[in-house]
Amino acid sequence: MKEKRAQDPEDPVLPAVEEREVLLTGPEVGPGEVFSVPIGPIHPALKEPIRLTFQVQGERIVGVQIRTGFAHRGIEFMGMRQGRNLIQILYLSERICGICSISHPIAFTQAVERAAGIEVPPRAQYIRVIISELERIHSHLLWAGVAAHELGFDTLLHLTWRVREKVLDILEELSGNRINYAIPIFGGVRRDITPDQYPKVREALRYYRGLFDELLDAFLRDPTVEARTRGVGILEPKEAEELCAVGPTARASGLRKDVRQDRPYLAYSDFEVKAITPEDYGLTPVGDVYDKIVVRLLEVGQSIEIIEKALEGMPEGEITSFPKIPALLAHLKKAEGEGLGWHEAPRGEVIHYVRLVSGEESPLVWKVKAPTYSNLLSWYPMFEGQEVADIPIIAACIDPCICCMDRVYLVRNGKEETWTKEGLLRLSWEKTRRMRR
Amino acid sequence: MSGWAIFGQAVLAVVGGVIVGLFYRGLDRKIAAHMQARIGPPLRQPFLDLGKLLVKETVIPRTAVAWVFSAMPFLAVLASFTALLYLPIGPFRPILEGYGDAILVLYLLAVPALAMALGGFASGSPLGVVGAQRELVMLVSYEFPLAVVLVAVAWRLSTLGIAPAFSLGAMAQHSLWAAVGPLGLIGLVLLLGSLLVVTPAELAKIPFDIPEAETEIAGGLMVEYSGTYLALFYLADAVRTVVMAGLAVALFIPYGIAGALGLSGAAGDAVDLIFWLFKVFMVMVAAVTTVRVGMARLKVDQIARGFWLRITAVALSGLLLLALDKVVMG
Amino acid sequence: MKAEQVLNALKTALGENFRNPELRPRSVGVARKWTVEEIWAEVPREAIPQAVGTLKSLGPLHISIISGHDAREHIELLYHLAVGFGTEGGEVMVTLRTRVPKSDPRVPSICGILPGAETTEREKIEFLGVDFPGIPCRDHVFLPDDLPVHPWRRDEPELEKFLHRMVEWEKGHEGKESAGS
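Every value quoted in this text rests on a predicted model; they were computed, and no experiment measured them.

A short note on the overall build of chain B
- The helix and strand tally for chain B stands at 12 helices and zero strands.
- Reading chain B from its N terminus to its C terminus gives the helix and strand order α-α-α-α-α-α-α-α-α-α-α-α.
- On C-alpha atoms alone, chain B measures out to a radius of gyration of 20 Å, which is about the 20 Å that the 2.2 N^0.38 rule sets for 330 residues.
- Counting only C-alpha atoms, chain B reaches 65 × 45 × 45 Å along its principal axes.
- Relative to its 330 residues, chain B shows a buried fraction of 54%.
- For chain B, long-range pairs separated by at least 24 residues make up 80% of all intrachain contacts whose partners lie at least 6 apart in sequence.
- Taking the average place of the 20 positive charges on the side chains of chain B and the average place of its 18 negative ones, the gap between the two points comes to 5 Å.

What to know about the overall build of chain C
- The helix and strand inventory of chain C stands at four helices and five strands.
- Beginning at the N terminus, the succession of helices and strands in chain C can be written as α-β-β-α-β-β-β-α-α.
- The C-alpha radius of gyration computed for chain C amounts to 20 Å, which surpasses the reference 16 Å derived for 181 residues by more than 25%, pointing to a less compact arrangement than a globule.
- Taking the principal axes of the C-alpha coordinates as reference, chain C spans close to 65 × 45 × 30 Å.
- Here chain C, with 181 residues, has 55% of them falling under the buried criterion.
- For chain C, restricting intrachain contacts to residue pairs at least 6 apart in sequence, the fraction spanning at least 24 positions comes to 52%.
- With 23 positive and 29 negative side-chain charges, chain C shows a separation of 4 Å between the mean positions of the two kinds.

What about the sheet that holds strand E1 (residues 35-39) of chain A?
Residues and elements named next belong to chain A.
- Pairing is antiparallel in the open sheet, where three strands are placed in the order E1-E2-E3. Looking along the sheet, the strands with just one partner apiece sit at the ends: E1 and strand E3 (60-67). Strand-to-strand twist of the sheet, defined as the mean angle between neighbouring strand axes without regard to direction, takes the value 25°.
- Looking at chain direction, E1 and strand E2 (residues 51-57) are connected through five bridges and run antiparallel. Bridge pairing links Ser36 to Gln55 in E2.

Looking at the packing of aromatic side chains
- Across all of its chains, the model carries 23 aromatic pairs over all chains by this definition.
- Lying over the aromatic face of Trp143(A), Arg296(A) brings its terminal NZ or CZ to 4.2 Å of the ring centre.

Concerning the confidence of the model for chain C
- For chain C, per-residue confidence averages 85 on the pLDDT scale, and 93% of positions sit at 70 or higher.
- Among the scores for the predicted complex, ipTM is 0.88 and pTM is 0.81.

Some remarks on the pairing of E2(A)
Residues and elements named next belong to chain A.
- Taken across its seven residues, E2 has six buried, putting it largely inside the fold.
- Taken together, the seven bridges between E2 and E3 define a ladder with antiparallel strand orientation. Counterpart to Gln57 in the pairing with E3 is Arg60.

Structural notes on the sheet that holds strand E2 (residues 34-42) of chain C
Residues and elements named next belong to chain C.
- Read from one edge to the other, the open sheet built from five strands follows the order E1-E2-E5-E4-E3, with strand pairing classed as mixed. In the strand order of this sheet, the two ends are held by strand E1 (19-28) and strand E3 (61-71), each with one partner. Averaged over all pairs of adjacent strands, the angle between strand axes in this sheet comes to 20°, irrespective of strand direction.
- Across 10 bridges, the pairing between E3 and strand E4 (residues 74-83) is antiparallel. Paired with Leu61 across the two strands is Val83, which belongs to E4.

Looking at the pairing of strand E5 (residues 92-101) of chain C
All names here are of chain C.
- Of all the 10 residues making up E5, eight are buried; the element is thus mostly covered by neighbouring parts of the structure.
- Pairing geometry for E4 and E5, over 10 bridges, is antiparallel. Bridged to His80 within E5 is Thr95.

Here's the deal with the interface of chain A and chain C
- Contact residues are listed per partner, giving 61 residues for chain A and 67 residues for chain C.
- Of the roughly 5,600 Å² buried where chain A meets chain C, counting both sides, 56% is carbon and sulfur surface.
- Per-residue buried area on chain A facing chain C is highest for Arg81(A), Arg114(A) and Tyr373(A); these three make up 11% of the total on that side.
- Between the two partners, chain A and chain C, sit seven salt bridges.
- Taking the shortest distance from any N to any O, the salt bridge between Glu242(A) and Lys56(C) comes out at 3.6 Å.
- Linking chain A with chain C are 30 residue pairs in polar contact (both at pLDDT 80 or more), by the criterion used here.
- Taken together, the residues of the side of chain A that touches chain C sort by class into 27 nonpolar, 10 polar and 24 charged.

Some words on the packing of helix H7 (residues 182-202) of chain B against helix H9 (residues 227-252) of chain B
Residue and element names in this part refer to chain B.
- In contact at an axis separation of 10 Å, H7 and H9 are set at 175° when each is read in the N-to-C sense. In terms of orientation, H7 lies roughly antiparallel with respect to H9. Along the contact surface, H7 presents Leu188, Leu191, Leu192, Leu195, Thr199 and Glu202, while H9 presents Arg240, Met244, Ala248, Leu251 and Phe252.
- In terms of residue class, the contact of H7 with H9 is made up of eight nonpolar, one polar and two charged.

Considerations on the confidence of the model for chain B
- The pLDDT averaged across chain B works out to 86; a share of 96% of its residues lies at or above 70.
- Helix H8 (residues 214-217) of chain B is the least confidently modelled element of chain B, averaging 56 in pLDDT, while helix H3 (residues 66-85) of chain B averages 93, the highest of any element.

So, the packing of helix H4 (residues 86-94) of chain A against helix H5 (residues 103-116) of chain A
Residues and elements named next belong to chain A.
- Contact geometry for H4 and H5: axes closest at 8 Å, N-to-C directions at 150°. Classified by the angle between their axes, H4 and H5 sit roughly antiparallel to one another. Between H4 and H5 lies a crossing whose hand is right-handed. Residue-level contacts link Leu86, Ile89, Leu90, Ser93 and Glu94 of H4 to His104, Pro105, Phe108, Thr109 and Val112 of H5.
- Grouping the constituent residues of the contact of H4 with H5 by class yields six nonpolar, three polar and one charged.

What counts and how
- Residues numbered from 1 in each chain as written.
- Chains lettered and ligands numbered in written order.
- Predicted model: local features only at pLDDT ≥ 70, side-chain atom pairs only at ≥ 80, totals over all residues.
- Heavy atoms only, no water.
- Helix = DSSP H or I, 4+ residues; strand = E, 2+ residues; numbered from the N terminus.
- Rg over C-alpha atoms; globule rule 2.2 N^0.38 Å.
- Buried < 20%, exposed > 50% of the residue type's maximum accessible area, 1.4 Å probe, protein only.
- Contact = heavy atoms within 4.5 Å.
- Lys, Arg positive; Asp, Glu negative; His and termini not counted.
- Charge placed at Lys NZ, Arg CZ, Asp CG, Glu CD.
- Pairing = 2+ DSSP bridges.
- Axes fitted to C-alpha atoms, helices over the stretch in contact; angles between N-to-C directions.
- Phe/Tyr/Trp six-rings, centres within 6.5 Å; stacked < 30°, edge-to-face > 60°.
- Lys NZ or Arg CZ within 6 Å of the ring centre and 35° of its normal.
- pLDDT = per-residue confidence, 0-100.
- Buried area = accessible area lost by both parts, 1.4 Å probe.
- Salt bridge = Lys/Arg side-chain N within 4 Å of Asp/Glu carboxyl O.
- Polar contact = N/O pair within 3.5 Å; in protein donor to acceptor, adjacent residues only side chain to side chain.
- Nonpolar A, V, L, I, M, F, W, Y, C, P; charged D, E, K, R; others polar.
- Parallel < 35°, antiparallel > 145°, perpendicular 65-115°, else oblique.
- Left-handed = near helix turned anticlockwise from the far one by under 90°.

Encoded structure:
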């Protein structure tokens, strides 16, 4: 099926057939000669399509070319030019990415709220913070499992992903979905976290606190993991700063760079968030993959603390300034102005820019910047001089969320469903009912 | 023995070896799954996998050297099956005893690895080439400790008057543990340890599965193999597991329990055979399953250095201790 | 870092090239309120490298993104930069607006000063057709190399035709797909 499509001469969008041939052939190998190894766009090491072409000599990497854009969907174009109103764009923004699914709506709603002059009530700010931190836990655990899989250590993959189920259950309890929570709306949040849900959240936090040491032990004190990650994929602090790396990628190199600390937003100033670097674990930051694991695991601990404090200090009040959607839409239509909204997603800084024009439903300009965008350039120094065996773990260590970065257009599959939609929906409802008991 | 009798026994051994090999692979996956808190595939999964591979299309890449590419799976399977015929199985002597000895088994064990490497080189894919290079580096690294272990045990047994030397059948009838002194015991433990570390490397299992690294080179030297050829490599791998474990059993755990239970004749043989299957299973669990669940994959230079320096040192120490033991015991 | 500091430094360095500066405060926090200030200003395109250089001398500089849009008579680019990370509330967000005439869509590249700007400048090349002389690499980031249109321009008749063709192609293949699968 896919092959027929790729060869369709009228197809204006898909890349040409030569792409496939590159994967199959390679130049002759001579002693000491350099030859090309293509990784991607489809490859077990990569969870998303991206093409990395390496020039290798034996096992040493001597050059790399990175080609992105296989998952580009034109989301900004869809938002700006196809006549969508801001609430429809909010749904779009949520689906830019599945793993960091609340990061984009949080940044986007802040940008629009700045542009339109909408205030967010305190309780809504706290709820946004709680859901964001829960997402951070789930995303870092997911990454930890993926990194273990890249190293060939499947047992850790199964362990972390099983452990992650708890936070996904809590998110489902609070928002009704495991990803794409649809919580933020302009002026507040759509769902409240009611006091009878607090005990469940606290119980999940207790569970994670109990497991925390075990996780640290399994990852940081395992000899084979250390052998594979220490001194691998080094990003020096100077390089990280010049290439404007963000998130754990930058913090592992020792830069104390965290949007929640540097430019506080929502209720984060209440929690005095400090950027975590390997120094907090007693190490001198080198910027290798090991440091990145350290930073991400410690951030899980930090998120647990933040959620605990947020639950304790949860202010009373309404959850949105505009409870009625038509009133909100009318206000947004009249609004004129521009605004920037930012958020520290699990992968780094997410920033949205919006310019609204009075009388128009669609924004004039909508620009999205995902964290992996800023971290792309840091791949080059990380790959230099490393070995072919390290490619997957270095590719994975910046926690690439290519769909976030590409904001791409997925071509429909034409697959046959063995489960009908009704069947799946019923299955999902049953699970929620089971959890509510 | 008449040629036809040998042939009949060979067929029996090969068929039995295949069934046991695949069944043990299923057990390995099930146990690994339970160690990871999963349910795992059903025990008959490897049979289903093999069956499915046999009916799938076999693709030969345009850029491959077709005759080498196609011949290698058959070579691997033939070598593994032949190795099975030189292995003492349970209370029975090796079927082809007298036509070759332990040194031949060493070569036969190396042939499938070479065949896979050649297949990778011939596949025309850069990923296959990288995988094949790694397989050869690994092969060269672990062959030396393996040879040291085999030679050490065979030599010490021959000094005790067991003849012919290097005959696996003879080695399997006599246990070395009771016949050596304390120095020899330590030496034997070191040699057993080395063999258990070489076993997953020989079979290309984690932490030594770098030639096939799934997440790095998409299957490495196996990347272009599909259908029948992949099925044959799969079969060769299953049988090699039995052979390696059987080798460890023949060298270090040659005991039978029929005598202890007071059985003899056909009943004794049957019990001993089952016991042998159990021993092979335990060796597999210790050397392959537990290890692959508990470790990450090591890089090829780490493996090469590890084997050339550490494991060789351990094996040579074992050999040295056995030699000293001989001197001491006289 | 205080926003006032940054504002004054830019005024001193750029003089009259630093136009319409605004300090936009935002109040954040619930139990512990904090004020975050953003600087917004307009800078002519030749002065962009100088402005970025000035910001870099003030502290560690981070470029978030360059937004851009086609404003009919010209193209407007907004450089979203942040200077001075590392302490609580210490980073100041600076947005520099610049106009690029469509007759000569070029802006000097800042990759020499801040190598991390390469990805975002490359994105503007492919999406808006703006060139950045001095940029080390012009490869496309997201779009296919041979795409004939700049998707964010509003004045390209080619773009409308291209989109029209794409939608028609999709519709045409919808029928074929369900029949074939």
